[in-house]
Amino acid sequence: MTLRSVPYPALASVAVGSYAPIGINPLGFSLSENYLWVKASYIDSAYLDLCSDVFGYDLVAKNFTTDIGSLLVSKLGHSGTAIASVASTSYTNVAQGYTSQEQVLVLYKDVPVEGRQADTTDRLAVIQNNQVVDTDLIAHALSGYSSYDLNLRVSSFAVANNGRYVALVSDSVYFTSDGFDTNDKTDVFLLDRETQQFYCVS
C-alpha cells in the first residue's frame, strides 16, 4: 500500500487580499477517475466571510490542473464565490447544448463583499470541458425567475450518473407547485433536466 500526500492548492492565484488557509477536504472523483476534487477553505482579508474554492488534482501528473472557483469568477464577471460541493456526471441533450462530455455540477453562492449586498441564494452551476455553460441551473429551470429574484437555500444535492436527475435538499417554497410549504422542514426535490420540472419526493 502506498500513501500519497496531496499538497495544499496555490491560493495566491485566487485570493484577492491576504489569506489564511483553514483546511482542505476531498469531495470525490471525476467520472474518469483521473481527478480528485479538493475543497480548500480560507479567510480572505478582502471579504467579509469564509471563502472556499474547489480544485481538480490530477492523479497522474500529481498536481492541480483545474480551478473551479476561477472558472465561475471569470464567467460571473466579479470575484468572490463560496463553493459548498461538487459532483461529476455525464449528460447529453443537444437541444440544451449539452454533449456527452463529463460535466461537473457546482453548488455555490456569492461571497459578500464590502459595498455589495450579501447574497443568500444558493446556485448550481454546470461546467463542461472547463467552461461554465450554466451559472444557475436551478433558477433557469424555475421559468419566470432570475437568480436574484430568489432566496433559495440548498443544503446539499445529488446527481444521477446519466446527469438527467438532480436531487436537492431545500426548505424553499419556490419548488412547490403552489408556492407554499407548510411542514416547516426541509424537503427533497427532484429536478428532471430533460423536462425542466421539479417534483417533491419527501
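Please refer to the structure placed before this passage.
Below you will find a few notes about this structure. (Residues numbered from 1 in each chain as written. Predicted model: local features only at pLDDT ≥ 70, side-chain atom pairs only at ≥ 80, totals over all residues. Heavy atoms only, no water.)

## Remarks on the nonpolar core
Okay, so step 1: Ranked by internal contacts, the top residues of the largest apolar core, which has 17 residues, are Leu 105, Leu 124, Ile 138, Phe 157, Val 166, Leu 168 and Phe 198.
Okay, so step 2: Counting 12 residues, the second largest nonpolar core, distinct from the first, contains Leu 72, Ile 83, Val 104 and Val 132. (Core = buried A, V, L, I, M, F, W, Y, C linked by side-chain atoms within 4.5 Å. Buried < 20%, exposed > 50% of the residue type's maximum accessible area, 1.4 Å probe, protein only.)

## Examining a nonpolar patch on the surface
Okay, so step 1: Together, Ile 22, Ile 43 and Leu 50 give the surface a local cluster of nonpolar side chains, amounting to about 260 Å² of exposed area.
Okay, so step 2: For Ile 43, the location among the structural elements is in strand S2 (residues 35-44).
Okay, so step 3: For Ile 43, a relative accessible area of 39% corresponds to the partly exposed category. (Patch = residues over 30% accessible without salt bridge, like charges linked within 9 Å, V, L, I, M, F, W, Y side chains within 5 Å. Areas by Shrake-Rupley, 256 points an atom, 1.4 Å probe, with all protein chains shown as cover. Salt bridge = Lys/Arg side-chain N within 4 Å of Asp/Glu carboxyl O. Helix = DSSP H or I, 4+ residues; strand = E, 2+ residues; numbered from the N terminus.)

## Quick notes on the sheet that holds strand S12 (residues 197-200)
Okay, so step 1: Spatial strand order, S9-S10-S11-S12: 4 strands in an open sheet with antiparallel pairing. The two strands at the open ends of the sheet, each matched to only one other strand, are strand S9 (154-159) and S12. Pairwise comparison of adjacent strand axes, ignoring direction, gives a mean angle of 25 degrees for this sheet.
Okay, so step 2: Bridging between strand S11 (residues 187-192) and S12 involves 4 bridges; their strand directions are antiparallel. Following the sheet pairing, Leu 191 is matched in S12 by Phe 198. (Pairing = 2+ DSSP bridges. Axes fitted to C-alpha atoms, helices over the stretch in contact; angles between N-to-C directions.)

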